[in-house]
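Chain by chain, the residues:
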Amino acid sequence: MAPLADEPLVLGIETSCDETGVGVVRGTTLLADAVASSVDEHARFGGVVPEVASRAHLEAMVPTIERALATAGVSARDLDGIAVTAGPGLAGALLVGVSAAKAYAYALGKPLYGVNHLASHICVDQLEHGPLPEPTMALLVSGGHSSLLLAPDITADVRPLGATIDDAAGEAFDKIARVLQLGFPGGPVIDRLAREGDPAAIAFPRGLTGPRDAAYDFSFSGLKTSVARWIEARRAAGEEVPVRDVAASFQEAVVDVLTRKAVRACKDEGVDHLMIGGGVAANSRLRAMAEERCARAGITLRVPRPGLCTDNGAMVAALGAEMVARGRSASAFDLSADSSLPVTETHVPADAAHDAVHAAAHAHVHAHTVRERKGN
Ligand code: KG4
Ligand code: ZN
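Structure report, in brief. The structure displayed is predicted, hence computed values, not measured ones.

So, how was this worked out
- Residues numbered from 1 in each chain as written.
- Chains lettered and ligands numbered in written order.
- Predicted model: local features only at pLDDT ≥ 70, side-chain atom pairs only at ≥ 80, totals over all residues.
- Heavy atoms only, no water.
- Helix = DSSP H or I, 4+ residues; strand = E, 2+ residues; numbered from the N terminus.
- Rg over C-alpha atoms; globule rule 2.2 N^0.38 Å.
- Contact = heavy atoms within 4.5 Å.
- Phe/Tyr/Trp six-rings, centres within 6.5 Å; stacked < 30°, edge-to-face > 60°.
- Buried < 20%, exposed > 50% of the residue type's maximum accessible area, 1.4 Å probe, protein only.
- Pairing = 2+ DSSP bridges.
- Axes fitted to C-alpha atoms, helices over the stretch in contact; angles between N-to-C directions.
- Near = heavy atom within 4 Å.
- Polar contact = N/O pair within 3.5 Å; in protein donor to acceptor, adjacent residues only side chain to side chain.
- Areas by Shrake-Rupley, 256 points an atom, 1.4 Å probe, with all protein chains shown as cover.
- Parallel < 35°, antiparallel > 145°, perpendicular 65-115°, else oblique.

So, the overall build of the chain
So, step 1. What the chain contains, in helices and strands, is 13 helices and 10 strands.
So, step 2. In terms of C-alpha radius of gyration, the chain reaches 20 Å, essentially the compact-globule figure of 21 Å for 376 residues.
So, step 3. Once the C-alpha set of the chain is aligned to its principal axes, its extents read approximately 65 × 45 × 45 Å.
So, step 4. Restricting the contact set of the chain to residue pairs at least 6 apart, pairs at least 24 apart contribute 73%.

Next up, the structure:
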């Protein structure tokens, strides 16, 4: 469908981790999605190095913005707003995006929208499958987060139902890949090897699925230890490690828990749409099992294509465009990057009344977010 000219034209900037993403969106139509990744520079460290990421963002920022505008075939003067990830994420990395967004918005005289990274991950699906149903249940699984979120209004009301209490789902994939010496990032290679393995070969534990465990929280650290011990025992006995079976069985344990809890949350909350986003949403087994379990429960599943699941600028532009369309207030030019921005803060509006709400929300959710993004 051709975009309507009166729908908001927004540029979005994402720099919360290792991807410099710049997207251009008109309403719910994607016009450009330029991404420059520094992932190769982190590979030899086995994880994202914040200082390396910040420097790479700085170098990639202006060329990536220019590339996105050229691909979209629009001039910066035509924009109705500039959106940027204000948090959560790596502080130094976020700062580069926020500073760039401020500079462009100020120089061009355009409204600035500091938005939440997690809400953006959900909103991006509008570019693929049209307007989000209200409410939507979202399962966000990446290297930095694993959350179950209920979103009655993606621009103003996102509620955390559960999150990981230790490692993020993608982090677990990365760590197991490291133990198996498969390189970084681990998700794609484990996904590929698992297709040739037996998911029932080894019964790895399903974290936090006991009757007294928190229904919507996740834990992958016990699973990680269990897989590592299993591999060590094989190696100590001089036996060959069946890499494909380990990959398939590990992946099955992660995917089983993720889909089970997401479907349960939909049923409990009476929500008939589930969206899955974040880098791990690219996982083929996660997609297949979610499809199967949602179909059985009468839930419509929405998963954006892999390129929109991993961090990108289009998702930020998508949420920015929705903010403009719904008349949400813009951010002030003293907008700061907030590495632990609570998920309940869908954006950072300029009005003073908001400050009290922001402070209260921070006090409640801060501990959770910090725990969630802890790297180890
Ligand atoms: O969203 P993302 O690009 O960056 C953030 O962490 O925010 O997600 C990257 C994570 C990595 O941990 C990577 O191993 C994982 O997503 N990942 C996958 C797959 N593709 C990427 N995990 C499982 N299966 C995949 N196919
Ligand atoms: Zn992300």
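Picking up where we left off.
Some details on the packing of aromatic side chains
So, step 1. In this structure the tally under the stated criterion is four aromatic pairs.
So, step 2. Between Tyr106 and Phe333, the ring centres sit 5.5 Å apart and the planes meet at 85 degrees, which makes this aromatic pair edge-to-face. Separated by 227 residues along the polypeptide, Tyr106 in helix 3 (residues 91-108) and Phe333 in the loop between helix 12 (313-325) and helix 13 (353-373) bring together distant segments of the chain.
So, step 3. Note on Tyr106: relative accessible area 64%, which makes it exposed.
So, step 4. A relative accessible area of 38% means that Phe333 is categorised as partly exposed.
So, step 5. On the numbers, 6.2 Å between centres and 10 degrees between planes, the contact of Phe218 with Phe220 is stacked.
So, step 6. Given a relative accessible area of 0%, Phe218 falls into the buried group.

Considering the side chain of Ser120
So, step 1. Structurally, the position occupied by Ser120 is in helix 4 (residues 117-123).
So, step 2. Ser120 sits in the buried class, given a relative accessible area of 0%.
So, step 3. If near-sequence neighbours (up to four positions away) are discounted, Ser120 is found in contact with Val115, Met315, Val316 and Leu319.

Structural notes on the sheet that holds strand 5 (residues 112-116)
So, step 1. With mixed pairing, five strands are arranged side by side in an open sheet as 3-2-1-4-5. Both outer strands of the open sheet, strand 3 (29-37) and strand 5, are each paired with one neighbouring strand and no more. Strand-to-strand twist in this sheet, taken as the mean axis angle between neighbours without regard to direction, amounts to 20 degrees.
So, step 2. In this sheet, strand 3 lies alongside strand 2 (residues 19-26) in antiparallel orientation, the contact comprising eight bridges. If you follow Arg26 over to strand 3, its bridge partner there is Thr29.

Some remarks on the site of ligand 1
So, step 1. What surrounds ligand 1 is a group of 19 residues, the closest being Gly143, Asp174, Gly187, Asp191 and Asn283.
So, step 2. Between an oxygen atom of ligand 1 and a side-chain N or O atom of Ser142, the distance comes to 3.4 Å.
So, step 3. Within the contact set of ligand 1, an oxygen atom lies 2.9 Å away from a backbone nitrogen or oxygen of Gly187.
So, step 4. Burial of ligand 1 by the protein amounts to 89% of the accessible area it has alone, namely 550 Å².
So, step 5. Broken down by secondary-structure element, the contributors of at least two residues to the shell around ligand 1 are helix 6 (169-179) and helix 7 (187-194).

Regarding the packing of helix 7 against helix 9 (residues 243-269)
So, step 1. Taken N-terminus to C-terminus, the directions of helix 7 and helix 9 make an angle of 110 degrees; their axes are 8 Å apart at the nearest point. Classified by the angle between their axes, helix 7 and helix 9 sit roughly perpendicular to one another. Together, Ile190, Asp191, Leu193 and Ala194 of helix 7 and Val243, Arg244, Ala247, Ala248, Phe250 and Gln251 of helix 9 make up the contact between the two elements.

What to know about the side chain of Asp153
So, step 1. Assignment of secondary structure puts Asp153 in strand 7 (residues 146-153).
So, step 2. The class of Asp153 is buried, set by a relative accessible area of 13%.
So, step 3. At 2.7 Å, the side chain of Asp153 forms a polar contact with the side chain of Thr155.
So, step 4. Ignoring anything within four residues of it in the chain, the contact list for Asp153 reads Glu134, Val158, Arg326 and Arg328.

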